[in-house]
Each structure stands twice: as structure tokens, then as C-alpha cells.
Amino acid sequence: MSPPDLSLPNDVETLKAMVLAMAEKVARADALASEVADLKARNADARIERLTQILKAFDRARFGRRSEKLGSANGDDEQQALVFEEIEIGIAAIKAQVSKGRAQTDGKRAPRRRKGFAPHLERIETVIEPEELAVHAGKQKVLIGEDVSERLDVVPAKFRVIVTRRPKYAFKNEDGVIQAPAAAHIIEGGIPTEALLAQIAVAKYADGLPLYRQEAIYARDRVELDRRLMAQWMGKLGFELEIMADYIFSEVKKAERVFADETTLPTLAPGSGSAKTAYLWAYARDDRTFGRSGPPMVAYRFEDSRAGECAVRHLNGYRGILQVDGYAAYNKLARSDRGNDGVTLAGCWSHSRRKFYELHVAGTSKVATATVERMATLWQVEKTVRGQSPDARVAARQQASAAIVADLFDLWQQTLRRISGKSKLAEAIRYAVSRHAMFGRFLTDGRIELDSNIVERAIRPQTITRKNSLFAGSDGGGQTWATIATLLQTAKMNNVDPFAWLTLTLQRIANGWPSSEIDALMPWNHAA
């Protein structure tokens, strides 16, 4: 490339002056560019800080306890999750814009520590050899090391057609035809394999993907699966799996301690076309917290009512500890006239704490703040005894927690005498004081937890997936929902892939698995 045709003076001094002038001009341009970049960075930092603060607020709204969430108690969790995602995207976009001009001159990014990918994932290796240049001719390369990087890739799920041929044979000069019997399937004579049924069920009942959305997704792969047909398959699935869900519930009721909770489900009122409220009752078991080795599990029951008779019917014959929130319907289980006089009710400190926490955050009550701070110590004690034997838990609680509990109830009783009975603080105190016995039982029984978070974690996924559902009573999908959700959530509680487990289980059921060996089909017995 030839240099441009420039007219330059022959005088040395003039040339020096031109060079100095050009250098000054470049310096001014660099200074201006640096100033602009600094202003942009400062503005970006301010924008990122503002979005980060909003993000923290929504983060708390998503994961905080119910009464600690922002906004009203009826806030839309799904909308908050969407806002959370968009804020994260916005922050990442600003950071990318700012860092675009700050790349290192050699084009390499500073190394950073990253968590490795799971070992079971397939590795596809690509080796990039250096370019062979003319100066390398005749030289012998010696490998002295290598740089290794990993990126996560995905192969989208694809449909395939399983073609099964069953030849027919006849013998020469003989009567009769022989042929292998057809393979057994859950949907006899239908088109789905058990894997497809499992895929649809997990997407709907575990991932909150309604059938009409699945229909649209599958259509992108030019596979026509009508939502009504898939609904029929799910109804058949619910029927086949009901015995397994009942078995899980029977195992739940064998526990020394059971957690109970309930949540609303939208239901179509027959004949009116309007929506009404139904309820999903949840009963969870997890004995690992007090040193036992049994598997965790949860059983759901769909009801059109929240009446106490539902819990009485569900837990008929149960004689252990029932740990619940403050809902009065559970009190019927402890009354002798209901035939369940053997049930011992234990309370949930988290529910009580939430009422005080609202006042603490608002800064309107020193008593509420003192309550929240003292309760925090109770949870610190629980962290140290989780998984230990009941006796060890009681000993630690008597040493560290009993005095705190006594001080709290003394504080509440004294405060209640001098404040308005209509105040929010009085309401929070009465809630706790009226359940003194239920709240105090964890101090003398190591099987009891400080809270009922185990069942709340088990019921939370259903509160998310219900946003994409509308039932028509127990016969309109509600019972099927409870059945399939029981199995899939129990699988997740045992760290079992619900799709893999359900696929294998459906294949076994189709092939006539004996009901006497139903325990072997349970998620906690699934070998990964």
C-alpha cells in the first residue's frame, strides 16, 4: 500500500510545528473521548444501581414470606417474576453496552471462576490447531499445554415415530399363523408412547404449561396434538396413577408428624360459567429433620370446600402430631367428638412472625421489632439441631430457646394490657397468645419443627401452576391434578427426575406391574 500523496514543507521547523499541532489535536480528541466515556459510564452505573435496588425489592417480593412481600397480600407472583426477569435483562444490556469499549487490547477477557457443568452431560470436543505458517516449515511442534473452555449447548427436543412391525408366519403344509403379541401401552390402540404421556404430564402438572400452549409448541415441529386429545390422555393417566397417589397418602399418615396446609384453586361453577374457589389440601412428611431416614413425600387432595370436615375425612384415624398454620378448621381434629382425639396440634412460628414483621418493616412498633429480633435467635438454634435426634433437639431447645419463648410471651402479655385492642399489634399478639400451647410444644417434643415450611415448600409449586388452570370441580380435572401432582412433587422432593421416573413407571404399569409390589414403583425407590 503506497502512502497518501501529501504536500509537506521542506523546512524542519515548520514540520516540527505541524507534528506538534497534530499531536495536540489527537490529545484533545482522546481527552474528549475519555470524558464522554466517563460520563456514559457514570450514567450507566447510576442506571444499574437504580435497577439493582428495584431488583432487590422484587427479589424479596418473590421469595419473602407471604406477609413480607411488597404490595398487597394478593399480589401477582407471576407478574413479579416477569418484572424480575426484565430488570435482570435490562441490567445485563447496560453492562454490555458499557463494557463494549473497555475490552482488553489483546481481545481476551479476564479469567473468572465458574462452576463446572454436571458430569453426566455429554461432552463434544473440538480441537482448534494453530494455523500452519511458512515460518513454521521444517520445525517440529512440541505440545506444552492447552487452554480448555466449556460452553453449554442445547439440542431441542424432537418428536420421533416408533415404528413397530410384527411379522406373521405360517408353516408350510401346516395350519395356523404365529405372530408376536403387541406391546402393552397405557393408551391401548392410541398414538402416544409412555414417554410422550410423561412429557405432557410433567409440562402441565409440574411446569405449569397448559395443554393449549403445549399444542402450539408441538405444532412448531409440525406435530398436531389436539388439546382435547391430550386432556383425554391425562384423564386416563390420573385413573391409572390414583392407586399410587393413595399409597403415598397412606405412607404420609404413618408418620409420627405430618404437616398440613391448603391453598385455593380457580374452579368453574356448574351451569353459571363463572369462577368460584376450590381448595387443594396438602399433607407432607419429612422425618429427616429429626434424625429419621425415611423419604420425604406429599399428598394432595382436591376439595370444593375448605371446611374442617375435609381435614377430618382426610386424616381419619391419624393419631400423631399435626403441624399446621393458624387455620381454625384443624382444631376439629383435636376434639374428642370428631373421633380424632389422638391428634396433637403443633403451631407454626413463621405465621406468627409475619404479623409482627409487617409492623417491624413499617417502623410503627418497637415491640414488633423486639419480637422479630428475638424470634431470629430461635431459627439460629434450629439450624444447629436440624437432623439430630429428638432428645438432642429438646436438650438444645431447653438450653437456648425456652427462655426466649418465655420472655416473648411475657412481653406480649404485658403489652396487650396497655395498647388498643383494635390495633394491628394487638391482633398479632392475640394470634400468638391464643396458641400458646401449640407454639410451646416444640420445646418438649423434638419431632416438632419451629415452622411448617416443609409443607409450604411442597404446596408453593401448585400455587404457581394454578395460574394456568381452571377446573370444573373434582370431576372436572381437580382430582386428576391432585393425583398426578402428588407423584411428581414427591419425585422432586426426592431429587428424582419426574420425567424419567414417570416414563418408566407408566411402562411398568402398562406391562401389568403387580399391585402387591407398588412400593417398588414409588419415586424414592427410583434408581437414577
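Notes on the structure follow. (Residues numbered from 1 in each chain as written. Predicted model: local features only at pLDDT ≥ 70, side-chain atom pairs only at ≥ 80, totals over all residues. Heavy atoms only, no water.)

Digging into the side chain of Q323
Along the chain, Q323 falls in strand β6 (residues 321-323). At 2.6 Å, the side chain of Q323 forms a polar contact with the backbone oxygen of E449. When near neighbours in sequence (up to four residues on either side) are disregarded, Q323 contacts R257, V258, F259, A260, A346, G347, I448, E449, L450, D451 and S452. (Helix = DSSP H or I, 4+ residues; strand = E, 2+ residues; numbered from the N terminus. Polar contact = N/O pair within 3.5 Å; in protein donor to acceptor, adjacent residues only side chain to side chain. Contact = heavy atoms within 4.5 Å.)

Some remarks on a positive patch on the surface
Taken together, K383, R386, R457 and R460 make up a surface patch of like positive charges. Tracing the backbone shows K383 in helix α8 (residues 366-385). (Patch = residues over 30% accessible without salt bridge, like charges linked within 9 Å, V, L, I, M, F, W, Y side chains within 5 Å. Areas by Shrake-Rupley, 256 points an atom, 1.4 Å probe, with all protein chains shown as cover. Salt bridge = Lys/Arg side-chain N within 4 Å of Asp/Glu carboxyl O. Lys, Arg positive; Asp, Glu negative; His and termini not counted. Charge placed at Lys NZ, Arg CZ, Asp CG, Glu CD.)

Some details on the packing of aromatic side chains
Scanning the entire structure with this criterion turns up 12 aromatic pairs. With centroids separated by 5.3 Å and ring planes inclined at 25°, the aromatic side chains of F249 and Y283 adopt a geometry described as stacked. You can see F249 sitting in helix α5 (residues 227-252) and its partner Y283 sitting in strand β4 (residues 275-285), a full 34 residues away along the chain. The pair formed by F249 and Y283 is uniform in burial state, with each residue classed as buried. Both rings, one in F409 and one in W412, keep their centres 5.0 Å apart while their planes meet at 75°; by these two values the pair is edge-to-face. Of this pair, F409 and W412 both sit in helix α10 (residues 402-416), separated by three residues, roughly a single helical turn. Given the relative accessible area of 3%, F409 is considered buried. Residue class for W412 comes out buried when judged on its relative accessible area of 0%. Taken together, the aromatic side chains of W349, F356, F409, W412, Y431, F439 and F442 make up a single cluster linked through ring pairs. (Phe/Tyr/Trp six-rings, centres within 6.5 Å; stacked < 30°, edge-to-face > 60°. Buried < 20%, exposed > 50% of the residue type's maximum accessible area, 1.4 Å probe, protein only.)

Things to note about the side chain of E194
Tracing the sequence through the fold places E194 in helix α3 (residues 194-205). Nearest to the buried, unbridged E194 among oppositely charged side chains is K236, at 10.0 Å. Not counting residues up to four positions away in its chain, the partners in contact with E194 are H185, I186, T503, L506, Q507 and A510.

Describing the packing of helix α7 (residues 349-362) against helix α11 (residues 424-433)
For the pair α7 and α11, interaxial distance at closest approach is 9 Å and the crossing angle is 165°. Taken as axis vectors, α7 and α11 run roughly antiparallel relative to one another. Judged by the twist between their axes, the crossing of α7 over α11 is left-handed. Contacts between α7 and α11 involve H351, S352, K355, F356 and L359 on the former and, on the latter, K424, L425, A428, I429, Y431 and A432. Residues of the contact of α7 with α11, tallied by class, amount to seven nonpolar, two polar and two charged. (Axes fitted to C-alpha atoms, helices over the stretch in contact; angles between N-to-C directions. Parallel < 35°, antiparallel > 145°, perpendicular 65-115°, else oblique. Left-handed = near helix turned anticlockwise from the far one by under 90°. Nonpolar A, V, L, I, M, F, W, Y, C, P; charged D, E, K, R; others polar.)

Let's talk about unusual backbone geometry
The backbone phi angle of R222 is positive, close to 55°, even though this residue is not glycine. Among the secondary structure elements, R222 is positioned in the loop between α4 (211-219) and α5.

Quick word on the environment of R288
Turning to its location among the elements, R288 is positioned in the loop between β4 and β5 (297-303). Under the relative-accessibility criterion, R288 is labelled partly exposed at 41%. Sequence-wise, R288 and S389 are 101 residues apart; in three dimensions their C-alpha atoms are separated by 9.6 Å. Beyond its immediate chain neighbours, meaning those up to four positions away, R288 contacts G294, P296, G387 and M493. Only 2.8 Å separates the side chain of R288 from the side chain of D286, close enough to count as a polar contact.

Here's the deal with the pattern of salt bridges
What the rule picks out here adds up to 19 salt bridges. For the salt bridge of E449 with R393, the shortest nitrogen-to-oxygen distance reads 2.6 Å. Residue E449 is located in the loop between α12 (436-440) and α13 (453-465), and its partner R393 is located in helix α9 (residues 390-400); the two are separated by 56 residues in the primary sequence. What makes R393 buried here is its relative accessible area of 1%. A salt bridge links D445 to R447; its shortest N-O distance comes to 2.8 Å. Beyond isolated ion pairs, a larger network of salt bridges with shared partners links E256, R292, D445 and R447.

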